[in-house]
Amino acid sequence: MEIHLPSLPMMEILSYLDAYSLLQVAQVNKNWNALASSDVLWRKLCQKRWLYCDMVTLQTWQEHAKSRAKPEDFTYKEIPVEFEFRAYASYISRHGLTRNGQRKSAVCMVTSTNRISTWDIHEGAMTWESPVQESYIELMTTLPEMHIAVTVDISSTIKLWDCHNRDALATKSMFSPCQILKAVFTKDGPIVLVGDTSGNLYIFRIPDLHLISRHNVFPYAIDELHCSPQNKWVLLIIRNPQVLTKVVYMSSLLRTSEFSDPVSTSLKFPLCQGVFWTPRREDRITLMSRNVPPRPAKFGTFDMKLEEIGNKVTVQGHLVASFSLQDYKERAEWMGVSEKDTIVCSTGSSLLLFNINGLRLQTFQYCPEQIFRLWVDPVHVIVTCNDGSLDIYAWEERSPLLRKCYRLQNRRYLLPSSFINNALCDDVSIIGVMISSPSSCYLMAYTLNS
C-alpha cells in the first residue's frame, strides 16, 4: 500500500535527511523519487559543503549557448496580459540542468484583475490560474526553487500559493499596508521578508507563514530590500535623505534564540538610488547615489564584515572604493556589477563600464533609440530600449569587459508611449512585459531552440 502525502509536507520531512538517506528514499516509488531528486534538497546539502553551490550551477552550458546564439535561434511567443501598468512577471520555475533531467521555464504573472496565473513560456500556454480575489493584488514574489508564489493585496493580506491547487496554502493578515515583499531560500530554510509602511520588517516561514521575527528598522516605510547572493545580508533602503541605508545580518533575523536584536549597520552613503551585490562575493556591495544637481552620481563599494567584541556580534561596512561621474551630463539611471568588480551603468544614450575606482573601461553608444532599463546577472547584461528591442551582452571570461552578442527586435508596431515594464532571463529564455497602451500589454518570450 503506497503512502501519498502532499508534496510540501513531504519536502519538509525529506529536508532533514542526509544524502545517503535521500538516495534510499528515491528508490521507494516514482513519486518519492521525484521529491527526493528535488534541486531544493540537494542544493541545501551542497551548501553545507560548498558555499557557492547555487552560483556554480548557474553557469551551465545552456547559458553560454545563449550567449553564442543568433536571433534566429530563438522561438518567439506572445502571452496576453489582461490589463495595464500593474502587470509584471517573475519566473516560477527555471529551465536548467537538474538532477532529475527536468527542463522547463515557467512564469507567474499578476494583473489588476485580482488573480495570478502561471504560463509555460515554451508553449505559450497557461498552466494554472488562481480564483479571482476580493482585493487587488499589489505585490508578488516567487520562489522558483519550490514553485511557490506569494502575494499581498490592498487589504494587507499575504497569501502563499503552490500554483497547483486552487486555494492558497497559507494566509496571513497584516496590520499595516505592505510596501515590499521578497521570498528567498536561506540556509535556515525558505522565508518571506515583508516591509510595511511603518518601517517594520517581518520574517515569515514558508510554507505556513509562521511569524519568525518582527523588527522596526526605520521610522518610515521601507522602500527597497536587496539580499546578497547567498542571503547572508539584507540591505534596506528608505527614500529619505536624512536616513542612511542599512545592512542587516540575516541570521540575526532568523535565529531569535541567539540574537535578541538584529545585527546591523548603516552605510554612510546618502541618496542611494541603485544597489548591486557583487556576484560570488557574498560580502561586497556597490551603491549608486541619485543625481542631485550640481552633484553628479556617485558610486561606493563596501565590504561587509562580522566582528566579535566580547560576547557581542557586530557588523561593519568598510568603504573600499568610490568615484563620481564628473564628466557626464546625462543622468545615470540603472546599474549592475560583474564578478570581476566591473560596474555597468546606463544613461539614456550610453552604456558605461568602469572599475570600482572610476577608470572607464568601455562605452556603448545608443542613438536614435534610448536605453530604458538594464538587467544584469553573472553571465549577461540585457539592455531594453524604448523601441521594444532587447540587446544581449555577455561578460568576457578573461577580461572585465562586455561583448555584444545580438539584438532581439520587437515583432510588432509600437505606439510612442510603449515600453518594456521589466525584462528577465534564465539560462534559455528571455522575457519582458511590454506595455503597448494604457489598456493593453503582453508578455514577450524568447526561448532558445534545443
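In what follows, the accompanying structure is described.

Reading the values: rules and limits
- Residues numbered from 1 in each chain as written.
- Predicted model: local features only at pLDDT ≥ 70, side-chain atom pairs only at ≥ 80, totals over all residues.
- Heavy atoms only, no water.
- 1 Å grid on protein atoms, 1.4 Å probe; cavity = no way out; pocket = protein on both sides within 12 Å on 5 of 7 lines; lining within 4 Å.
- Points joined across faces, edges and corners; volume = space filled by probe spheres on them.
- Nonpolar A, V, L, I, M, F, W, Y, C, P; charged D, E, K, R; others polar.
- Disulfide = S-S within 2.5 Å.
- Pairing = 2+ DSSP bridges.
- Helix = DSSP H or I, 4+ residues; strand = E, 2+ residues; numbered from the N terminus.
- Axes fitted to C-alpha atoms, helices over the stretch in contact; angles between N-to-C directions.
- Core = buried A, V, L, I, M, F, W, Y, C linked by side-chain atoms within 4.5 Å.
- Buried < 20%, exposed > 50% of the residue type's maximum accessible area, 1.4 Å probe, protein only.
- Contact = heavy atoms within 4.5 Å.
- Phe/Tyr/Trp six-rings, centres within 6.5 Å; stacked < 30°, edge-to-face > 60°.

1. Examining empty space enclosed by the protein
Now for step 1: Evaluated as defined, the whole model comprises two cavities of 30 Å³ or more.
Now for step 2: Roughly 70 Å³ of internal volume is contained in the largest cavity.
Now for step 3: The wall of the largest cavity is formed by 13 residues, among which Ile238, Asn240, Val243, Leu271 and Cys272 lie closest to the centre.
Now for step 4: For the lining of the largest cavity, the residue count by class is nine nonpolar, two polar and two charged.
Now for step 5: The volume enclosed by the second largest cavity comes to roughly 50 Å³.
Now for step 6: Lining the second largest cavity are Gln133, Ile137, Thr151, Val152, Asp153, Thr157, Lys159 and Trp161.
Now for step 7: For the lining of the second largest cavity, a count of residues per class yields three nonpolar, three polar and two charged.

2. Some remarks on the state of the cysteines
Now for step 1: Counted under the stated rule, the structure contains zero disulfides.
Now for step 2: There is no disulfide at Cys163, and the cysteine sulfur nearest it, in Cys108, is 4.6 Å away.

3. A look at the sheet that holds strand E13 (residues 211-216)
Now for step 1: The sheet built from four strands is open, its strands ordered E10-E11-E12-E13 with antiparallel pairing. One side of each edge strand has no neighbouring strand; the edge strands of this open sheet are strand E10 (178-186) and E13. Geometrically, the sheet is characterised by an average inter-axis angle of 15° between neighbouring strands, direction not taken into account.
Now for step 2: Pairing of strand E11 (residues 189-196) with strand E12 (residues 200-205), which is carried by five bridges, proceeds in the antiparallel orientation. For Leu193, the partnering residue across the bridge sits in E12 and is Ile203.

4. A look at the layout of surface pockets
Now for step 1: If you add up the space inside the second largest pocket, you get close to 510 Å³.
Now for step 2: Sorting the residues of the lining of the second largest pocket by element identifies helix H1 (7-14), helix H4 (39-49) and E11 as the ones contributing at least two each.
Now for step 3: Of the residues that constitute the lining of the second largest pocket, the class distribution is 13 nonpolar, three polar and five charged.

5. Here we look at the nonpolar core
Now for step 1: Ranked by size, the top nonpolar core spans 32 residues in total, and within it Met146, Ile148, Ile158, Val192, Val194, Phe204 and Ile206 carry the most contacts.
Now for step 2: For Ile206, the residues in contact, after removing those within four places along its chain, are Leu143, Met146, Ile148, Leu160, Ala183, Pro190, Ile191 and Val192.
Now for step 3: Core analysis: the second largest hydrophobic core is formed by 29 residues, Leu325, Val337, Phe354 and Ile356 among them.

6. Quick look at the pairing of strand E29 (residues 402-408)
Strand residues, when the strand is regular, have side chains that alternate between the two faces of the sheet.
Now for step 1: Of the pairings in the sheet, the one linking strand E28 (residues 390-395) to E29 comprises six bridges and is antiparallel in character. Among the inter-strand pairings, Trp395 is bridged to a residue of E29, identified as Leu402.
Now for step 2: Where E28 folds back on E29, the antiparallel hairpin that results is connected by six residues.

7. Describing the sheet that holds strand E17 (residues 264-267)
Strand pairing in a sheet is mediated by backbone hydrogen bonds. Such pairs are either parallel or antiparallel.
Now for step 1: One open sheet accounts for four strands, arranged E14-E15-E16-E17; its pairing is antiparallel. Every other strand in the sheet has two partners, leaving strand E14 (224-227) and E17 as the edge strands with one partner each. Shown here is a sheet whose adjacent strand axes are inclined to one another by a mean of 20°, direction ignored.

8. So, the packing of aromatic side chains
For any pair of aromatic rings, geometry is given as the distance between the ring centres together with the angle between the planes.
Now for step 1: Inspection of every chain in the model, using the stated rule, returns ten aromatic pairs.
Now for step 2: Aromatic side chains Tyr249 and Phe259 sit 6.1 Å apart centroid to centroid with 85° between the ring planes, which places their arrangement in the edge-to-face category. With a gap of ten residues between them, Tyr249 in strand E16 (residues 245-249) and Phe259 in the loop between helix H7 (250-254) and E17 connect regions that are remote in the sequence. Here Tyr249 and Phe259 have matching classes, each one buried.

Any functional reading would require information beyond the geometric quantities listed.
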